[in-house]
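# Descriptive structure summary
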Amino acid sequence: MNNGTILTGEDLTKRYGDLEVLKGVSLSIDTGEFVCLAGKSGSGKTTLLSILSGLERPTSGHVRLGGKDIASATEDELALFRRENVGFIFQSFNLIPTLSAWENVALPLFPVRMKSDERKRRATDLLERMELGHRMDHLPSALSGGEKQRVAIARALVAHPKVLFADEPTGNLDSATEEAIMDILHRLHRQEGLAILMVTHEMALTKSADRLIRMHDGEVIA
Amino acid sequence: MNLRYLKNELYYQKRRTMAAVIGLSIGIALLIILNALSMAYRRAARVPLQEIGADVTVQRSGNVPKDLTGAVFPCSAVTIRDEEVKKIEALPGVRGVGRAVLLWVFDPDRAWIVLGVEQQNSVGPSILRNSIMEGRFLKEGKSEALVEAAYARQFGIKVGDTLSVAKRDYLVVGLVDASRAAKIAVANVYLPLSEAQRLAASSGQVQAVSSFNPADVNLLFIKADEERIPELSSALRTMMGKNATIGTPDSFLKLLNSLFALSDKFTLAASLIAILVAVLIAFKTMAGNITERTREIGVLKAVGWINRNVVSQLLAESVVQCVMAGFLGLLIALVAAYGLSFLQVNIPIPWEMSPRPHFLPGGGDQIFKTIRLPVHVPWTLACFAIVLSVVIGGITGALLGRNISKIKPSEVLRHE
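Conventions used here
Going along each chain's sequence as written, the residues are numbered from 1 onward. By the order in which they are written, chains take letters starting at A while ligands take numbers starting at 1. Note on the predicted model: pLDDT of at least 70 is required for a residue's local features to be given, and 80 or more for side-chain atom pairs to be given and counted; whole-chain, interface and lining totals, by contrast, use all residues. Working from all heavy atoms in the structure, the side-chain values ignore hydrogens and water. A run of H or I in DSSP counts as a helix once it spans at least four residues, and a run of E counts as a strand once it spans at least two, with each numbered from the N terminus. Computation of the radius of gyration draws on C-alpha atoms alone. For the globule rule, the value is 2.2 Å times the number of residues to the power 0.38. Burial classes: relative accessible area under 20% of the type maximum marks a residue as buried, over 50% as exposed, and values in between as partly exposed (1.4 Å probe, protein chains only). Should any heavy atoms of two residues lie within 4.5 Å, those residues are considered in contact. Only the protein chains shown count as covering a residue, and every accessible area follows the Shrake-Rupley method with a 1.4 Å probe. Asp and Glu count as negative and Lys and Arg as positive, but His and the ends of the chain are not part of the count. Where a charge lies is defined by one atom per residue type, namely NZ (Lys), CZ (Arg), CG (Asp) and CD (Glu). Strand pairing is assigned whenever DSSP identifies at least 2 bridges connecting the two strands. Whenever a helix is involved, its axis is fitted only over the stretch in contact; in every case the axis is a line through C-alpha atoms, and angles between N-to-C directions fall within 0 to 180 degrees. Every residue carries a pLDDT, the predictor's confidence in it, which falls somewhere between 0 and 100. Put simply, a patch holds well-exposed residues, over 30% relative accessible area, that have no salt bridge, with like charges counted together within 9 Å and Val, Leu, Ile, Met, Phe, Trp or Tyr side chains within 5 Å. Note on definitions: salt bridges are taken to be side-chain nitrogens of Lys or Arg within 4 Å of carboxyl oxygens of Asp or Glu. Cavities and pockets were defined on a 1 Å grid built from protein atoms only: a cavity is a group of points that admits a 1.4 Å probe but offers it no way out, a pocket is an open group of points flanked by protein on both sides within 12 Å along at least five of seven lines, and a lining residue is one with an atom within 4 Å of any such point. Grid points are joined across faces, edges and corners, and a volume is the space filled by probe spheres set on the points.

On to the overall build of chain A, then. In terms of regular secondary structure, chain A is built from six helices and ten strands. Its C-alpha radius of gyration of 17 Å places chain A within 12% of the 17 Å reference for a compact globule of 222 residues. For chain A, the C-alpha atoms occupy an extent of roughly 45 × 40 × 35 Å along the three principal directions. Burial status across chain A gives 57% buried among its 222 residues. When contacts within chain A are restricted to residue pairs at least 6 apart in sequence, long-range pairs at least 24 apart make up 70% of them. When the accessible area of chain A is evaluated, it comes to approximately 9300 Å², of which 46% is carbon and sulfur surface.

Spelled out as structure tokens, the structure:
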């Protein structure tokens, strides 16, 4: 599914003091494309994901999402950009422990002016799609690892993102749950045409991706 | 600011919430109770004078009479001239003046403490009319007397008897329970003021110590505007000279053996320390709580919360916790105030204000006014404490929220 480029990174570098983590990386992702970013630990893949998603600014280079350059945006502009354009799935779920499943899903919408009923409806619809309709009011502590990650996926989708960023989304899950989560991501990709950039170090998970980008020592090698 | 998130955070993180609320509430309770105690001692110090319907008493000390026979003035209360009284009545802040004449009368068979009181005046010892146990109050211009009830019991004096005081006869028209009234200027026998003035003016012993005209007095009771008492006290000292004894609530306060009674500065310093402790507790507890939530704040920012959203959420949490602490502190203070209100305080009455001959039984004993410490938490203090809690919560939440909102989500979410 290729409908034009949605995300572009041009000549991206990132330095932490003397340490150069990214060394002039350029890449682009098309609308509806499922891209896996693989590499050894310390190869710079998480840093690249952070920069492309607007969590972090590059030391140099440009990031364009939907044609807009976000490399020089302020912190608040980046936050708004993230809310409106991207969704995140983290390895350790990062759910808020004091919020129920549906409240966690609705978290990105809390600062948005909208009726609370509408906020709840959107969150519960997504949880139904994740087959968690019976767990809406449970706190994260009462959910299994797979359920937590499905809540996290629903949270990533609630603001209708253009690109979904997943950083080792199955890293904390057993193999059966890993398969279920990957099925959900592929379904989102196939059925809804969502662009996904997934960081992983497990090569088995990259097989079903549209494209695999390998990184080594801060550079794209393939 | 999201109310649901706020409620859940406070409810599910009970340990954090309780630590912040209890810590701050102790500081707030300390602040309230310190001020309530200080006010209670001030109220207590006013009681001896209030009982006699006055805010200030004026006396002038003089020489000890050479010969203790007939009517004499105690050395702590000699003549205050009628002209001086008129000038005092005109002083700013004076709302009313009560006059009295206190005499010791040494008759061959008995010694009396005699007080001449006005027939009708809400200021001064004529308020004894409210403590009549039997008979009636005095009528001006008549040779009649009231006798203190305990004294009457001791000597078998009854209403209708005739007393001979300094060779004058007085019909006993009533018995008065002076123990229910003031401890200042306590006497055995109460006469109309004009009778006491006549006794004093005709006494050679009185005139030898301090010349006395029939319109003069030796005790003054002044009702004054509360806020002008210090200024009035100073003016009276200037007018009456170095031998004047001016009794004010402050002079009683100094007699109370309490740090709270001794100094406004102590209460102010203790209150400031309490506020500082409250702020530090709130700040430290909430700073710890927010540090524990660094990752959570990172998640909020990652999913699109801007700095203002984060600050307003943390600010609201902080204010709500501090308001809860304010109300808990108020409750603790109210319970403590109730407990402290059972404490008794003994207010010493200086001998000069109720002089009795030392050589008579009990004449040298220290007189105390014993009352329950009137500890109350006024609504103004309660409101101040709540407002202070809101301010502490606001400042703490804003500072900590502003600081934590600057974190970069990538830094706190990176290492999993």
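This part takes up the overall build of chain B. Of regular secondary structure, chain B possesses 14 helices and 13 strands. Compactness check: chain B gives a C-alpha radius of gyration of 32 Å against a globular reference of 22 Å for 416 residues, more than 25% above the reference. Each principal axis of the C-alpha atoms in chain B carries an extent, and together these give about 105 × 40 × 35 Å. Taken over 416 residues, chain B has a buried fraction of 56%. Taking the intrachain contacts of chain B between residues at least 6 apart in sequence as the baseline, contacts between residues at least 24 apart amount to 78%. Working note: accessible area of chain B is about 18400 Å², and carbon and sulfur atoms make up 59% of it. Positive and negative side-chain charges in chain B, numbering 45 and 33 respectively, have mean positions lying 10 Å apart.

What follows is about the sheet that holds strand E5 (residues 68-69) of chain A. Across a sheet, paired strands are connected by hydrogen bonds in the backbone, their directions being either parallel or antiparallel. All names here are of chain A. Read across the sheet, four strands follow the order E2-E1-E4-E5 without closing on themselves; strand pairing throughout is antiparallel. Of all strands in the sheet, those with a lone pairing partner are strand E2 (19-30) and E5, marking the two edges. Here helix H1 (residues 45-53) sits on the sheet in contact with strand E1 (5-16), E2 and strand E4 (60-65), set at roughly 125° to E1.

Bringing unusual backbone geometry into the picture now. Backbone geometry at A:Glu168 places phi at a positive 50°, although glycine is not the residue there. Mapped onto the secondary structure, A:Glu168 falls in the loop between strand E7 (163-167) and helix H6 (175-192). Even without being a glycine, B:Lys167 presents a positive backbone phi close to 65°. Assignment of secondary structure puts B:Lys167 in the loop between strand E7 (162-165) and strand E8 (168-176). Look at B:Lys167 and you get exposed, because its relative accessible area is 82%.

Below, the discussion takes up the confidence of the model for chain A. On average, residues of chain A score 88 in pLDDT, and 98% of them are at 70 or above. The secondary-structure element of chain A with the lowest mean pLDDT is E5(A), recorded at 83, while helix H3 (residues 101-106) of chain A shows the highest, at 95.

All names here are of chain B. A surface patch of nonpolar side chains, about 420 Å² in accessible area, is lined by Phe 283, Val 387, Val 391, Ile 395 and Leu 399. A per-element tally of the nonpolar patch places helix H13 (residues 379-404) first, with four residues. One can find Leu 399 in helix H13.

The subject of this paragraph is the layout of surface pockets. Considering only enclosed or pocket space, the second largest pocket measures out at about 450 Å³ in volume. The wall of the second largest pocket is formed by 20 residues, among which A:Ser41, A:Gly42, A:Lys45, A:Thr46 and B:Arg414 lie closest to the centre. Of all elements in the fold, only E2 and H1 of chain A reach the threshold of two or more residues within the lining of the second largest pocket. Ranked by residues supplied to the lining of the second largest pocket, first place goes to H1(A) with three residues.

Attention shifts here to the environment of A:Ile70. On the secondary structure map, A:Ile70 appears in the loop between E5 and helix H2 (75-85). C-alpha of A:Ile70 to C-alpha of A:Gly54: the two residues are 16 residues apart in sequence and 7.0 Å apart in space.

For the rest of this paragraph, the subject is the pairing of E1(A). Residue and element names in this part refer to chain A. Examined bridge by bridge, E1 and E2 share nine bridges and lie antiparallel to one another. Across the sheet, the residue bridging to Thr 5 is Asp 30, located in E2. Between E1 and E2, which pair antiparallel and follow one another directly, the connecting turn spans two residues, one of which, Gly 17, has a positive phi of 65°. Where E1 lies against E4, five bridges are found, and the strand directions are antiparallel. In the strand pairing of E4, Leu 7 is matched with Leu 65.

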